[in-house]
Amino acid sequence: MQRLNNKRVLLGVSGGIAAYKSAELIRLLSKQGADVRVVMTKGACEFITPLTLQALSGNPVHLDLLDAKAEAGMGHIELARWADVILVAPATANIIAQMANGQAGDLLTTLCLATSAPTCIAPAMNQGMYLDEATQTNIELLREKDVRVFGPADGTQACGDVGPGRMLEPEQLAEHVADVFSRELLTGRKVLITGGPTQEAIDPVRYISNHSSGKMAFALATAAVEAGASVTLVSGPVNLPTPDRINRVDILSAREMHQAVHDNMKGTDIFIGCAAVCDYRPAEIMKDKIKKNPDDPSETLEIKLVKNPDIVSSVADLKERPFVVGFAAETQNVLGYAADKLRRKKLDLIVANDVSDDEIGFSSDNNEITVLGDDFEEPMSRASKTVLARKIVKVVAQRFESENGTGKE
Ligand code: C5P
């Protein structure tokens, strides 16, 4: 299971012989879905090159506190905020002493002091250094500050001694890091969401569209990420910033949305069709701007429209289909039409909302909905789209799990 899906792990590597194991640790963390950034102390660079760890993590390695160029990329405070967890592995006696005493003499110790993310250390040192009272006191101080201490293991050491001080193996450390996070509703799941309106071109300057703001879809994408999922959001033209950790694919027309959805379908567990897709598009897009006849006030213009592909149905019709959720924005007989769409489009769930009410309409920040399934109806009272999105994601995750079982290997 990708238990670290979407999680940001900041790995601090200090200068001990066990630093060579950090390479494997990065690989294992990434395999579990984590985005790993590495900070190395000067000592660590004597044991393993930043280039190796950069190649494995896929991110630039951070080395100096006072490097203006690196700070311009991602400054130390930004990096401390970025992390969901910090693991210092190997943690030498020296770095443990500095952390225990709140010192901030280099980038790694500064980050450990500045962060509010859970912090963990994997001590690695000679057994004599580990058993020394000073080190034991420092580790105790760190435990009191809620720093988690992984290991060390007992055994033969690089220096030939036998005793406690060996860094835990990378597999064990990766497991411990994953245990920092409790399993969330959608941990390791892939969710694909459509949102916003589509734009159907008439000529190079005109189009047909609708009032969809994309707010509901963007709130759903955020809620799904909060629940541990990897999220791709295929969005029509909207005026909203991309939420954190979301893979956003921008499109204009329904046909482009259809294409983007199927291009990104691989591995999708849950599909949520929240977009207000234009049902029709002009049969032909004029190459040049349509000109009116200035001398004919009674002139009319006819645009022939043809049907767009039904995206949510095309997903529900796939042989290996994900769990499919649709939306029904209606102005009358809301639940009746929604139940009809649920069956006709072969959806697993449908979210019905009444768009005749301005307070909960397309552009509003609030909504009031009912989630319908074959044998299931859950009304959700008026609330912000953010709150409702979390509730919808919860229901979707529960129904999905009850159909597909928990956990994903
Ligand atoms: O048919 P209607 O537009 O009312 O259905 C709404 C649901 O179908 C929504 O989930 C919407 O995203 C989806 N839809 C679609 N492709 C279309 C039309 C609607 O995916 N061409």
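This one's a predicted model, so the numbers in the text were calculated from it and none came from an experiment. (Residues numbered from 1 in each chain as written. Predicted model: local features only at pLDDT ≥ 70, side-chain atom pairs only at ≥ 80, totals over all residues. Heavy atoms only, no water.)

Each helix and strand in the chain was counted, giving 15 helices and 19 strands. Against the globule reference of 22 Å for 409 residues, the chain gives a C-alpha radius of gyration of 27 Å, more extended than a compact globule. Dimensions along the principal axes, computed over C-alpha positions, put the chain at roughly 95 × 50 × 40 Å. The burial tally for the chain puts 50% of its 409 residues in the buried class. Put simply, 69% of the contacts in the chain that link residues at least 6 apart link residues at least 24 apart. One way to put it: in the chain the 44 positive side-chain charges average out to a point 4 Å from where the 55 negative ones average out. (Helix = DSSP H or I, 4+ residues; strand = E, 2+ residues; numbered from the N terminus. Rg over C-alpha atoms; globule rule 2.2 N^0.38 Å. Buried < 20%, exposed > 50% of the residue type's maximum accessible area, 1.4 Å probe, protein only. Contact = heavy atoms within 4.5 Å. Lys, Arg positive; Asp, Glu negative; His and termini not counted. Charge placed at Lys NZ, Arg CZ, Asp CG, Glu CD.)

A few words now on a nonpolar patch on the surface. On the surface, Y280, L301, I303 and L305 cluster together to form a nonpolar patch covering roughly 370 Å² of accessible area. Take L301: it is sitting in the loop between β14 (280-282) and β15 (305-307). (Patch = residues over 30% accessible without salt bridge, like charges linked within 9 Å, V, L, I, M, F, W, Y side chains within 5 Å. Areas by Shrake-Rupley, 256 points an atom, 1.4 Å probe, with all protein chains shown as cover. Salt bridge = Lys/Arg side-chain N within 4 Å of Asp/Glu carboxyl O.)

Of all hydrophobic cores here, the largest spans 39 residues; its most connected members are L186, V191, I193, L220, V231 and I392. Considering each element in turn, this core owes the most residues, nine residues, to helix α11 (residues 215-226). With near-sequence residues (within four places) excluded, I193 lies in contact with A217, L220, A221, V231, T232, L233, V234, I272 and C274. Listed in part, the 34 residues of the second largest apolar core include L53, V61, F150 and V180. (Core = buried A, V, L, I, M, F, W, Y, C linked by side-chain atoms within 4.5 Å.)

A volume near 930 Å³ is recorded for the largest pocket. What lines the largest pocket is a set of 39 residues, among which A275, A276, V277, F327 and A329 lie closest to the centre. Those elements that provide at least two residues to the lining of the largest pocket are α11, β13 (270-273), α13 (311-316), β16 (323-330), α14 (334-344) and β17 (349-354). With four residues, the single largest contributor to the lining of the largest pocket is β16. Grouping the constituent residues of the lining of the largest pocket by class yields 19 nonpolar, twelve polar and eight charged. (1 Å grid on protein atoms, 1.4 Å probe; cavity = no way out; pocket = protein on both sides within 12 Å on 5 of 7 lines; lining within 4 Å. Points joined across faces, edges and corners; volume = space filled by probe spheres on them. Nonpolar A, V, L, I, M, F, W, Y, C, P; charged D, E, K, R; others polar.)

Moving on to the site of the ligand. Taken together, 13 residues form the shell around the ligand, and within it G273, A275, V312, F327 and K341 come nearest. P309 is positioned with one of its backbone polar atoms (N or O) 2.8 Å from a nitrogen atom of the ligand. Taking V312, its main chain carries an N or O atom lying 2.8 Å from an oxygen atom of the ligand. In isolation the ligand exposes 450 Å². Once the protein is present, 86% of that is buried. For the ligand, the cavity whose grid points lie within 2 Å of the majority of its atoms is the largest pocket. (Near = heavy atom within 4 Å. Polar contact = N/O pair within 3.5 Å; in protein donor to acceptor, adjacent residues only side chain to side chain. Sits in = over half its atoms within 2 Å of the grid points.)

Inspection of the sheet shows strand β18 (residues 366-373) paired to strand β19 (residues 376-384) by seven bridges, in the antiparallel sense. Bridge assignment links I369 to a residue of β19, and that residue is M380. Following β18, the chain reverses through two residues before pairing antiparallel with β19. (Pairing = 2+ DSSP bridges.)

For the rest of this paragraph, the subject is the domain arrangement of the chain. When cut into domains, the chain gives domain 1 (2-179) and domain 2 (190-404). The gap between the C-alpha centroids of domain 1 and domain 2 is 44 Å. Listed as interface residues are five residues of domain 1 and, on the opposing side, six residues of domain 2. Surface buried jointly by domain 1 and domain 2 totals about 470 Å² across both partners, of which 16% is contributed by carbon and sulfur atoms. A per-residue breakdown of the area domain 1 buries against domain 2 is headed by N5, N6 and R8, which together make up 86% of the total. (Domains from an automatic or database assignment. Buried area = accessible area lost by both parts, 1.4 Å probe.)

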